[in-house]
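Coordinates in review
The chain contents come next:
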Amino acid sequence: MAWNSWTRKAAATIGSLALIGSLAACGGSGAGGGAGAGGGEESKAPEDIKVGVAMPTETSERWIADGKAVKSQLEEAGYSVDLQYANDDIPTQQQQIDQMITKGDDILVVASIDGTALSTQLQAAADANIPIVAYDRLINGTENVDFYVTFDNYNVGVQQATSLLTGLGLLDKDGKKTDKKGPMNIELFAGSIDDNNAHFFWKGAMDTLKPYLDDKTLVVKSGQTDIQQAATLRWSQEEAQSRMEDLITAHYAGGKTKIDGVLSPFDGISRGVITALSNAGYGKTMKAGLPVVSGQDAEIASVKLIEDGVQYATIFKDTRKLATQAVEAVKAYAGGGEPEANDTKSYDNGKKVVPSFLLNSDIVYKDNIKSLLIDSKYYTAEEVKAGRSK
Ligand code: BGC
């Protein structure tokens, strides 16, 4: 039996508890009901369905690309879209979601800032029978997340560490161990501690680096090998730069001791780290002595740095494909159904295991920028050359 959300909202308005109970039973878990046609109930045309899209910040290019892709693909499918950015400010995002609910948005797609700070909002959404799709970042501590679209975040961490090991010459391009010996000095950066993804990236990376740390091929001179010590609140470039400066001062004789590599989980953090390193005299390019630095998101500024031999690698997560999965989930809810998951084990948010759709990612090195990013039309050759997207 498929009930649509308008029927549900009407039921909620008349306040029939029994009816609400039976509707909830139809809808399966959490808020996940259908927002569209089903079972001969009243249905809405896509253009009458409004999708609220809550994005974290416009300071990082990655989320601008996500917002654009989600909006345009939803509009192509005929939906109207209410896209909001929250400036990386938690109260702003809470308020935006509150407003989406009171304005009557029918389905929400949410990329959270703090994955634990939206329980009140999501309860209100559930009470209004609004399906919630978590976008890229899992929302924790609430029953009211219906679906999760993301990448295989543990594997992203594995790829970040793999790119670092490759850059250090410990692995060849086919992922095979070389006979290069250590010790080599590395430092470790993690993402924002309140972002569930940061923990997955860290775990994937640390599991991959562990054998090299255990046998002292790799040495973290600062001793900061705990995610709490390595974390970078809000993934801030400035904070990363300042932590790298402090590390250089305290553990690398202000720039006189060699640093071979830095694990970075995000291109913005990579650029902060690179600035600190080159200001401290490590050189402006890897050829001139700059350590190997990893990254994530294939942000255009970092792709240019990779092209120029400054940053070593990044991870490409095709935001167009992620947007498509979000739109698929919206369509399923709009049609009174449930989206199709390809993972029902990995993402436990503390209240439930959220059915998820995971996408794959790729490591970008200088020699595959063209095949991964330009041939797929993610960027044009001109954009890569300029280090700016149009
Ligand atoms: C995303 C990453 C991104 C980071 C910073 C994470 O939740 O998964 O792709 O680099 O946030 O914006």
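Treat the numbers as computed from the prediction; the structure is a model and nothing was measured.

Thresholds applied
Residues numbered from 1 in each chain as written. Predicted model: local features only at pLDDT ≥ 70, side-chain atom pairs only at ≥ 80, totals over all residues. Heavy atoms only, no water. Helix = DSSP H or I, 4+ residues; strand = E, 2+ residues; numbered from the N terminus. Buried < 20%, exposed > 50% of the residue type's maximum accessible area, 1.4 Å probe, protein only. Contact = heavy atoms within 4.5 Å. Areas by Shrake-Rupley, 256 points an atom, 1.4 Å probe, with all protein chains shown as cover. Core = buried A, V, L, I, M, F, W, Y, C linked by side-chain atoms within 4.5 Å. Polar contact = N/O pair within 3.5 Å; in protein donor to acceptor, adjacent residues only side chain to side chain. Phe/Tyr/Trp six-rings, centres within 6.5 Å; stacked < 30°, edge-to-face > 60°. Pairing = 2+ DSSP bridges. Salt bridge = Lys/Arg side-chain N within 4 Å of Asp/Glu carboxyl O. Near = heavy atom within 4 Å.

Considering the overall build of the protein chain
- Of regular secondary structure, the protein chain possesses 14 helices and twelve strands.
- Expressed as a percentage of the 390 residues in the protein chain, the buried residues total 55%.
- Residue pairs in contact within the protein chain that sit at least 24 positions apart in sequence constitute 71% of those at least 6 positions apart.
- Working note: accessible area of the protein chain is about 15,800 Å², and carbon and sulfur atoms make up 51% of it.

Concerning the nonpolar core
- Within the largest apolar cluster, 78 residues are counted, with the highest numbers of intra-cluster contacts made by Tyr135, Leu209, Leu218, Met244 and Leu277.
- Ranked by size, the runner-up nonpolar core spans 20 residues in total, among them Ile97, Leu108, Ala125 and Ile130.

Some thoughts on the side chain of Ser222
- On the secondary structure map, Ser222 appears in the loop between strand E7 (218-219) and helix H8 (227-230).
- Within the local environment of Ser222, its side chain forms a polar contact with the side chain of Glu187, the two groups lying 2.7 Å apart.
- From its side chain, Ser222 meets the backbone nitrogen of Gln224 in a polar contact 3.0 Å long.
- The residues contacting Ser222, other than those within four sequence positions of it, are Glu187, Leu247, His251 and Tyr252.

Details of the packing of aromatic side chains
- The full count for this structure, using the stated rule, is seven aromatic pairs.
- With a centroid separation of 4.9 Å and 80 degrees between ring planes, the pair formed by Tyr148 and Tyr347 is classed as edge-to-face. Within this pair, whereas Tyr148 is found in strand E5 (residues 147-151), its partner Tyr347 is found in the loop between helix H12 (319-334) and strand E11 (356-359), the two being separated by 199 residues in sequence. No difference in accessibility class separates Tyr148 from Tyr347, as the two residues are buried.
- Measuring from centroid to centroid gives 6.1 Å for Phe201 and Trp235, while their planes differ by 65 degrees, and the two rings are edge-to-face. Within this pair, whereas Phe201 is found in helix H7 (residues 196-214), its partner Trp235 is found in the loop between H8 and helix H9 (237-251), the two being separated by 34 residues in sequence.

Description of the sheet that holds strand E6 (residues 184-188)
- Read from one edge to the other, the open sheet built from four strands follows the order E7-E6-E8-E9, with strand pairing classed as parallel. Because the sheet does not close on itself, it has two edges, and the strands there are E7 and strand E9 (292-293).
- Bridge count between E6 and E7: two bridges; the pairing is parallel. Of the residues in E7, the one forming a bridge with Asn185 is Val219.

Structural notes on the pattern of salt bridges
- By the definition in use, this model includes 17 salt bridges.
- Close ionic contact of Arg234 with Asp194 constitutes a salt bridge, the shortest N to O distance being 1.9 Å. With Arg234 in the loop between H8 and H9 and Asp194 in the loop between E6 and H7, this residue pair connects regions lying 40 residues apart in the sequence.
- The shortest N-O distance in the salt bridge between Asp260 and Lys258 comes to 2.7 Å.
- For Asp260, a relative accessible area of 14% translates into the label buried.
- Taken together, the salt bridges that share partners define one network made up of Arg62, Asp66, Asp136 and Lys317.

Digging into the site of the ligand
- Around the ligand lies a shell formed by Arg62, Trp63, Asp136, Arg137, Asp195, Asn197, Phe201, Trp235, Phe266, Gln296, Asp297 and Lys317.
- Within the side chain of Trp63, a nitrogen or oxygen atom sits 2.8 Å from an oxygen atom of the ligand.
- Asp297 is positioned such that a nitrogen or oxygen atom in its side chain is 2.6 Å from an oxygen atom of the ligand.
- Relative to its unbound accessible area of 310 Å², the ligand is 98% covered by the protein chains.
- When residues of the shell around the ligand are traced back to their parent elements, those giving at least two are helix H3 (61-76) and H7.

Everything listed is a geometric property; what it means functionally is a separate question.
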